[in-house]
Amino acid sequence: MHRVFSGIQPSGELHIGNWLGAVQNWVALQDQYQCVYCVVDLHAITFPYQPAALAARTREMVVGLLAAGIDPERSILFVQSHVPEHAELQWLFTTVAPLGELERMTQFKDKAQRLESVSAGLLCYPVLQAADILLYRAEAVPVGEDQLQHLEFTREIARRWNSLFALDAPYFPEPRALLTKARRIMGLDGQSKMSKSLGNTIGLNDPPEVIWEKLRPAKTDPKRVRRTDPGTPEDCNLYDLHRYFSPPDAVTNVALQCRSAGWGCLDCKRVLADNMVKTLTPIRERAAGLRAEPARVDEVIAHGARRASAIARETIAQVTARMGFLPRQEV
Ligand code: TRP
């Protein structure tokens, strides 16, 4: 079976943006691939953060992934910092990583702009990402479009390292992207990508009344001003969400009612809220069940780290041997 690797930031609670854009796909891929899924806490510290909140955010992300359907037996689900080989391979890769390219990465430039002082860790973020993927010699990486540049960088690291240290036959594969069908999910403000830091999300744990409170004021077709104005579903941010949450006949009806001004936006939002609640309730309940059993979650996290470590150690042994280090004795 081919191997897939992907990582997600420990942002705490999952929201419908990362669920539709990434996690649903992660769940589906479990049928076809050996999947390795990682909560990337080492990446999270490259940007200012609160140390006191990191552990809880990491744990909550694991809970969310389990509740969304990641199966910790079929897939390897683990926390990045629990497998120190990520940091080790990252260091080895910094010695083949082209500095100029790191400085030109769009995500680096965006983030650096917002900081007074830029750390070397932020610059090396893509090197750590390359180490994540290549440590498991993954061949495919489910990501959104915003990560394509980092993936291209990963392929370049693989090529450079192979050309220096694996002259006989390539050791690292050049991983390809598995792009998700869901385009980028816009936030409820209809302005920017749905993102926790912008506060424009619906969380997977939001109870029905909170979903309604958030949907009620959400932006719709900006050209539909009065209740009697006909609307254009394709210009409505929420119509997009209907397509993910409402059954096909309901979606057809929503479009019809919008174009004829048969329904106002509020009518349409009520239907969306109902369907969203139906879809999300089982996930919210599973997450609550897991939070009530912390020992079980701990065991899942430990199990994932053990399985990831077994692969990671083997890769590091191969890599350090090929790079010419003196073999380490058992200590
Ligand atoms: N940079 C990714 C993001 O922000 C997270 C990530 C870290 C990742 N390591 C990875 C994604 C490896 C895919 C593969 O979404």
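Data block above holds the structure.
Below or above, wherever it landed, is the structure these notes cover. (Residues numbered from 1 in each chain as written. Predicted model: local features only at pLDDT ≥ 70, side-chain atom pairs only at ≥ 80, totals over all residues. Heavy atoms only, no water.)

**Overview of the overall build of the protein**
- Per the secondary structure count, the protein includes 14 helices and five strands.
- The C-alpha atoms of the protein give a radius of gyration of 22 Å, which matches the 20 Å a tight globule of 331 residues would have.
- Taken along the three principal axes of its C-alpha coordinates, the protein extends 75 × 45 × 40 Å.
- By residue count, 50% of the 331 residues in the protein fall in the buried class.
- Here the contacts in the protein between residues at least 6 apart in sequence split such that 77% fall between residues at least 24 apart.
- Carbon and sulfur atoms make up 55% of the accessible area of the protein, which amounts to about 16,400 Å² in all. (Helix = DSSP H or I, 4+ residues; strand = E, 2+ residues; numbered from the N terminus. Rg over C-alpha atoms; globule rule 2.2 N^0.38 Å. Buried < 20%, exposed > 50% of the residue type's maximum accessible area, 1.4 Å probe, protein only. Contact = heavy atoms within 4.5 Å. Areas by Shrake-Rupley, 256 points an atom, 1.4 Å probe, with all protein chains shown as cover.)

**Focus on the site of the ligand**
- All residues in the neighbourhood of the ligand are listed as Phe 5, Ser 6, Gly 7, Val 40, His 43, Tyr 125, Gln 129, Asp 132, Ile 133, Val 141, Val 143 and Gln 147.
- Between a nitrogen atom of the ligand and a side-chain N or O atom of Asp 132, the distance comes to 2.7 Å.
- Between the ligand and Gln 147, the relevant distance is 3.0 Å, taken from a nitrogen atom to a side-chain nitrogen or oxygen of the residue.
- For the ligand, the protein covers 88% of the area, taking 370 Å² as the surface of the free molecule.
- Those elements that place two or more of their residues in the shell around the ligand are strand S1 (3-8), helix H8 (125-135) and strand S4 (140-143).
- Ranked by residue count, the leading element in the shell around the ligand is H8, at four residues.
- The class makeup of the residues in the shell around the ligand is six nonpolar, five polar and one charged. (Near = heavy atom within 4 Å. Polar contact = N/O pair within 3.5 Å; in protein donor to acceptor, adjacent residues only side chain to side chain. Nonpolar A, V, L, I, M, F, W, Y, C, P; charged D, E, K, R; others polar.)

**A few points about the packing of helix H3 (residues 51-68) against helix H14 (residues 294-323)**
- Axis separation between H3 and H14 bottoms out at 11 Å; the angle between their running directions is 90°. If you check the angle between H3 and H14, you find them roughly perpendicular. Between H3 and H14, the residues in contact are Arg 59, Val 62, Val 63 and Leu 66 and Pro 294, Val 297, Asp 298, Val 300 and Ile 301, respectively.
- Considered class by class, the residues forming the contact of H3 with H14 number seven nonpolar, no polar and two charged. (Axes fitted to C-alpha atoms, helices over the stretch in contact; angles between N-to-C directions. Parallel < 35°, antiparallel > 145°, perpendicular 65-115°, else oblique.)

**Considerations on the pattern of salt bridges**
- Under the definition given, this model contains 17 salt bridges.
- In this structure, Arg 59 and Asp 298 form a salt bridge, with 2.4 Å as the shortest nitrogen-oxygen distance. In this pair, Arg 59 is assigned in helix H3 and Asp 298 in helix H14, connecting sequence segments 239 residues apart.
- Arg 59 sits in the partly exposed class, given a relative accessible area of 28%.
- Judged by relative accessible area, Asp 298 falls into the partly exposed class, the value being 41%.
- In this structure, Lys 193 engages Asp 146 in a salt bridge whose closest nitrogen and oxygen atoms are separated by 3.3 Å. Of the two residues, Lys 193 sits in the loop between strand S5 (176-179) and helix H10 (208-215) while Asp 146 sits in the loop between S4 and helix H9 (148-165), which places them 47 residues apart along the sequence.
- Using a relative accessible area of 43% as the deciding quantity, one classes Asp 146 as partly exposed. (Salt bridge = Lys/Arg side-chain N within 4 Å of Asp/Glu carboxyl O.)

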